[in-house]
Structure formats: structure tokens, C-alpha cells
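Chain residues, written in single-letter form:
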Amino acid sequence: MNAPSHHRSSEASVVRSPGAAERDPVGFQRRRRRIELALAWGTPIALFALWQIAARADAIDVRFFPAPTTIFDALIESIDDGSMTSALWATTRKLLIGFSIGTASGWIVGALLATVRLFRAAFEPLLIAFYTVPKLALLPVLLLIFGFGETPQLVLLSVSVFFVVALGVAGAIRSIDTGYLDAARSFEASRLQVLRHVIVPGALPGVAASMQVASGMSVLVVVGLELVVGGEGLGSLIWTSWQVFLPARTYAGVIVASVLGVAFTFAVSAGMRRLSPWAEPQD
Amino acid sequence: MNAPTVDTTTVSARADPILTAAGVTRTFAARRGHTIDALGPLDVTVPRGQFVAIVGPSGCGKSTLLRIAAGLTKPTAGSVELRPGGDSRRLLAMVFQDYGIFPWKSVRANVRFGLDLMATARLDADAIVDDWLDRLGLGAFADAMPGTLSGGMRQRVAIARAFAADPELLLMDEPFAALDAQLRTILQDELLDLVQATQRTVLFITHSLDEAIVLADRVLVMSSRPGRIIADHTVPFGRPRSAEIRGDQAFGELREELWAALRREVERAHRPDVDGGSR
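Residues numbered from 1 in each chain as written. Chains lettered and ligands numbered in written order. Predicted model: local features only at pLDDT ≥ 70, side-chain atom pairs only at ≥ 80, totals over all residues.

J.: So what's going on with the overall build of chain A? Residues and values would help.
T.: Along chain A, the regular secondary structure elements total eleven helices and zero strands. Going residue by residue from the N terminus, the α and β elements of chain A occur as α-α-α-α-α-α-α-α-α-α-α. A compact globule built from 283 residues should have a C-alpha radius of gyration of about 19 Å, whereas chain A, at 27 Å, is more than 25% larger. The principal-axis extent of the C-alpha atoms belonging to chain A is close to 85 × 75 × 40 Å. For chain A, with 283 residues in total, the buried portion stands at 30%. (Helix = DSSP H or I, 4+ residues; strand = E, 2+ residues; numbered from the N terminus. Rg over C-alpha atoms; globule rule 2.2 N^0.38 Å. Buried ≥ 20, exposed ≤ 12 C-beta atoms within 10 Å, placed from the backbone.)

J.: For helix 6 (residues 181–198) of chain B, give the residues involved together with the corresponding values.
T.: Helical geometry note: an α-helix holds 3.6 residues per turn, so side chains three or four residues apart project in the same direction. All names here are of chain B. The terminal C-alpha atoms of helix 6, which comprises 18 residues, lie 26 Å apart, in line with the 26 Å expected from a rise of 1.5 Å per residue. When we look at burial in helix 6, the residues that qualify are Arg184, Gln188, Leu191, Leu192 and Val195. Down the axis of helix 6, the smallest arc covering the buried residues is 110 degrees, so these residues share one side. Away from its buried face, by an angle of more than 90 degrees, helix 6 presents the exposed residues Gln182 and Ala197. Check the buried side of helix 6 and you find it contacts strand 3 (51–55), helix 5 (151–164), strand 7 (201–205) and helix 7 (209–215). Positioned one or two residues after helix 6, Gln199 has a phi angle of 55 degrees, which is positive. (Expected span 1.5 Å × (residues − 1). Arc of directions from axis to C-beta. Contact = placed C-beta atoms within 7 Å.)

J.: Could you give me a rundown of the interface of chain A and chain B, with the residues and numbers involved?
T.: Contact residues are listed per partner, giving 16 residues for chain A and 18 residues for chain B. Counting residues per element, the ones that place at least two in the side of chain A that touches chain B are helix 8 (178–186) and helix 9 (191–229) of chain A. Considering every element that reaches the side of chain A that touches chain B, the biggest residue donor is helix 8 of chain A, with six residues.

J.: Lay out the sheet that holds strand 3 of chain B in plain terms, naming residues and giving numbers.
T.: Residues and elements named next belong to chain B. Strands sit in the order 5-6-7-3-8-9 across an open sheet of six strands; the sheet is mixed. Of all strands in the sheet, those bounded by a partner on one side alone are strand 5 (90–95) and strand 9 (229–234). Sheet twist, expressed as the mean angle between neighbouring strand axes with direction ignored, is 15 degrees. Strand direction decides the pairing type here: strand 3 and strand 7, joined by four bridges, are parallel. Within strand 7, the residue paired with Ile54 across the bridge is Ile205. (Pairing = 2+ DSSP bridges. Axes fitted to C-alpha atoms, helices over the stretch in contact; angles between N-to-C directions.)

J.: Describe unusual backbone geometry, listing the residues and the values that go with them.
T.: For the bond running from Arg225(B) to Pro226(B), omega is -5 degrees, close enough to zero to count as cis. Of note, the phi angle at Phe245(A) is positive, near 55 degrees, even though the residue is not glycine. With respect to the helices and strands, Phe245(A) occurs in the loop between helix 10 (234–243) and helix 11 (247–275). Given 9 C-beta atoms within a 10 Å radius, Phe245(A) is considered exposed.

J.: Run through the pairing of strand 6 (residues 167–173) of chain B, naming residues and quoting values.
T.: Residues and elements named next belong to chain B. Burial of strand 6 is extensive: seven of the seven residues sit out of reach of the surface. In this sheet, strand 6 lies alongside strand 5 in parallel orientation, the contact comprising five bridges. Note on strand 6: the bridge partner recorded for Val95 is Met172. Here strand 6 pairs with strand 7 via five bridges, running parallel. Note that in strand 7 the partner of Met172 across the bridge is Phe204. Crossover connection from strand 6 via helix 6 to parallel strand 7: handedness right-handed. (Right-handed = clockwise from strand over helix to strand, strands pointing away.)

J.: Talk me through the sheet that holds strand 2 (residues 35–47) of chain B; I want residue IDs and the actual numbers.
T.: Residue and element names in this part refer to chain B. Read from one edge to the other, the open sheet built from three strands follows the order 2-1-4, with strand pairing classed as antiparallel. The strands lining the two open edges of the sheet, one partner per strand, are strand 2 and strand 4 (77–82). Along the sheet, successive strands turn relative to each other by an average axial angle of 15 degrees, direction set aside. Pairing analysis gives five bridges linking strand 1 (residues 17–29) to strand 4, with the strands arranged antiparallel. Each residue of the ladder has a partner; that of Leu19, found in strand 4, is Leu82. Against the sheet, helix 2 (residues 62–70) engages strand 1, strand 2 and strand 4, with an angle of about 120 degrees to strand 1.

J.: Tell me what's going on with the nonpolar core, and back it up with residues and numbers.
T.: Counting 128 residues, the largest nonpolar core has Val52(B), Ala160(B), Leu171(B), Phe204(B), Ala216(B) and Val219(B) as its most contacted members. With 14 residues, the top contributor of residues to this core is helix 7 (residues 150–174) of chain A. Contacts of Leu171(B), omitting those with residues within four sequence positions, involve Leu66(B), Ala69(B), Ala70(B), Leu92(B), Met94(B) and Leu203(B). (Core = buried A, V, L, I, M, F, W, Y, C linked by C-beta atoms within 7 Å.)

J.: Describe the environment of Met94(B), listing the residues and the values that go with them.
T.: Within the secondary structure layout, Met94(B) lies in strand 5. A sequence separation of 19 residues divides Met94(B) from Pro75(B), and the C-alpha atoms of the two residues are 18 Å apart. If we ignore the near neighbours within four places in the chain, the residues touching Met94(B) are Ser186(A), Ala70(B), Ala162(B), Leu171(B) and Asp173(B).

J.: Tell me what's going on with the packing of helix 10 of chain A against helix 11 of chain A, and back it up with residues and numbers.
T.: Residues and elements named next belong to chain A. Remark: helix 10 packs on helix 11, axes separated minimally by 8 Å, with the N-to-C direction vectors making an angle of 160 degrees. The angle between the axes of helix 10 and helix 11 places the two elements in the roughly antiparallel class. In the packing of helix 10 onto helix 11, the handedness of the crossing is left-handed. Residues Leu234, Leu237, Ile238, Ser241 and Trp242 of helix 10 pack against Arg249, Thr250, Gly253, Val254, Val256 and Ala257 of helix 11. Taken together, the residues that form the contact of helix 10 with helix 11 break down as seven nonpolar, three polar and one charged. (Parallel < 35°, antiparallel > 145°, perpendicular 65-115°, else oblique. Left-handed = near helix turned anticlockwise from the far one by under 90°. Nonpolar A, V, L, I, M, F, W, Y, C, P; charged D, E, K, R; others polar.)

Given below as C-alpha cells:
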């Protein structure tokens, strides 16, 4: 490297020339894509393989960390005896009911918050205050009101979803540029027409984002509730299997719960993407 | 400030004005109980069928005037009276500088918007929309989403939507300001043809004196804030005219005259020691 005092721009010519990515752009893209795909699948597979080897070699305590193949066998077994399928169904049913009630009420309240000034003034501080309360902490109260059974679980799940969606919808509507509202009003659109032509479609991307957050969270809440309250579902299957010391079945339950979470989040975001194709330019 | 008083009434205006503004004033609430006088008091009369361009320094309240006419903002004093009189489907439509067209609607659905709101019969609406898509060269993009279009195409959609609603009065708020100079000239020429073919009243806000002279029958110059009308010029070119008047000697003379009036106001608006000056 040149000493700064002797640096002269004319000492060496600077050449800008194509690199690998420019000489073969299509091949470069394809190679890069392949490497990324291999890493995405390869990393978890490698970790499972490592786990399997460690379990076989007795490097880890298989009583607490059974080998992946043992977990897989336990999974098959629990599907065969019907316990996993009925637990999965019970959890999914609660998830769908609670999520639907929570999002529907969240849409309504969120829309009111964003469009009716006095409603917002009256309720927004309260909603934000309640938003930060850990909903699981309300469980004892709900058990007192609704007794044991599914109702307190559904209420708590709906409430958790409701807060995320209501505040998300309100934010999404408020962030619609006023220029779009002006455009509709300049054509003398009625309140209902503004809602239909501007507010609903304009807020959809933001609404979708909050629903995606709520969908992941609702799986957490429902499984957590089942762990605490019991009854039927993946959470209680995980907990009871652990109590009777069936670690492989416990892990199988955890895996099914996480797959349910991924599938549910994916379904929700795919559904919302279909509704607002304009939000993301297709690539 | 003593702005020269200007007689804005002409013989035809007295006969049949579509818009009459009398003492229109708009004051905005600012922080800590202060208020800002944005506009007026301003008087203007627009006769039916006239194309009026309004030029003025930034922040002089010309957009506010247009928004009051459109019913988007109310005046704090005075009034704007709009008198429908033709057989148009609706009183007015507005074209915005940006954000006018909805990114969640296809080009066709955007152009249809005004007709949808009025519950126009489906077949009629389809025919009208197709006609305006064709006139603005949007036929091939009818089903595209606005996000995939260039700025010029998007503004064509906004213009098509306004014309498709068949308004008596067209309000245009710097519709070409976001476009590059070449595209701007092309869209000016297209608008000139459309306006001459359809005979509508237009209130057109712009920063460009050339744009104002090419398009308008009459150019109003507004003062710096609070905006008043300080000059009212009739454009010395008849209709139908072609965009070639840009090279005419009278064009240059009017441009000079307008600029002389406007320049003072622009400088006044940007001098920091004057109250109500630069923002």
C-alpha cells in the first residue's frame, strides 16, 4: 500500500472488469440458489444426524434425550393408538374457534378505533394497558368465572388474538395515506363506499401482518393453556407423557405442535396474501 | 400588503358562472394556539366552459382553494358556490398530484371508480371505461395493477378516471408535477386535445407558467401566503389551438409578464425575515 503522502492517482490504472457473477449471471444465480437450498435443508438434517449418533454412542442420556428414530417410533405409535390424532384435532379445533373469534372482534374494534375518534379517545388507553398484561395471568380469574373445561381456554385464546389484531388493524387503517381518502371523497363517496373501496383494501397488508403475528402467538397460547389446564390436546399430551415418563412421546408431541404452528401460520399468511395481491409485486 | 385589486368579472362570467368564490379565507390552527392565514380573502368567478390556470408560490394556498371547491376542506370565512347547469353526470372530479389512483385496483377498476360509486348500469360503464382507456392509450394495460406502471401511465389513469366520471368541473392539482420534463410536455399536449374535444370547465393548479399558458384560457397569479389573486390574464390564443403556440412571440411575452408578477411573490415567500414566509 502506498504511503498517503506519496499517493498519486496516476501511479496505477484502476480496472473495472466483470467478475464471476457478471460473466455467467444465470449460472451464478443457479449455483447460489442451490447452495442456499442445500444449507436450508442440510443444517437441520445434519443436526438430527449428530443427535442420532450421540444417542447411539451413549454420549447423551437417552432417558432424557431419546434418539430421533426412537421419537419417530413413538410418533407412529401415538398415531396408531389414536392419542396423537385426537390431541391434534382437539388443539386445532380450539385454535380455529379462538382465532376466528379473536380476529373477527379484533377487526371490528380495530376499525372503530381507527375511524371513530370518540371511540378511540375512550378505549385506546384501556386497550393498550390491557395489551401488556400477560393473558395467561388472567387464567385463574377465568377459571373462576367459567369453571374448568374448554370455555376459559377459548376465551383466553380469543382475547390474546383480539389485542394483537385490534391494535394491528387500527394501525393499518391509520397509516392509509389520506390522499387515497381524499380521492374517494372528491368523488363524493359515502362512508360505506370509502370503507369498501379504500379502507378495507388499503389496510389489508397491515392487517395481514398482524394476523400472522397473532396466528403464531395463538399456537403458543393454546398449547401453553393445555399444559396448565389439562383436558384434551397436544399440550396435555406433552405434559402427561412427561409425567408418566415417556420422553419419546413428549418430544413427538412437541414436534407435532411445532408443525401445527408452522402450518397454521403459513395457512393464515397464504390466505391473506391471496386477498391482497397488490401489496407485493409478484416476482 | 397591498395587492393590486383586479377585476375578475367578465361579461361571460356574469352571464353563467359555474364557480363563484366570495371572500374565501382559510386559517389553519398551528401549535400553541397560533393560527396561520393560508388563504384569502379571495374572490374569483369562473364562467362555464373556461379553462383557468392558477399559479403562485409554494404554500400560497392554491391547493387549499381547490380542496375547498372539491369539498375536502371548508373555508373559515366566505364561501365558494358551485352551480351545476350542464347535462354532465356529476358536478366535479379531481385529479391529484399523486396518491390519486388506488394501488389495490386494476387500471380498469380505477377508471371505473367514479361510475361504480354512482351505480352506473354495468353495460354503460363498460363502454365508457373502454372509451377512456382507449383515448389515453391505456387499452393494453387495462388489467395491470398501478404498481407496475410508470408515473406517466399512472397519471393517465388518474385523468381517465376523472373524465370517465363526466364532471362539469374538473379540478386538477399539479397533476404533472411529479413527471419529468419530456413526459410532462407530452401529457400537456394530450390534455390539451382532451379538453378541446370535450369542452369542460377546468381549474388547474401548476407551478409551470408554460403549462398554464399552453392549456388555459385565463391565468390567475396568486400572492404569497395568505394567497390572493394579484393578476388575471387572458391567454391570447383561441381554440382549438395546438401546442405549437409554445414558439409564438405572444407566448413569450405573456410568460415574461406573468413571471414579473410571480417573481416578487416567490421572493417574498422565501425571505426569512418576513412573517408568513418560508416554511
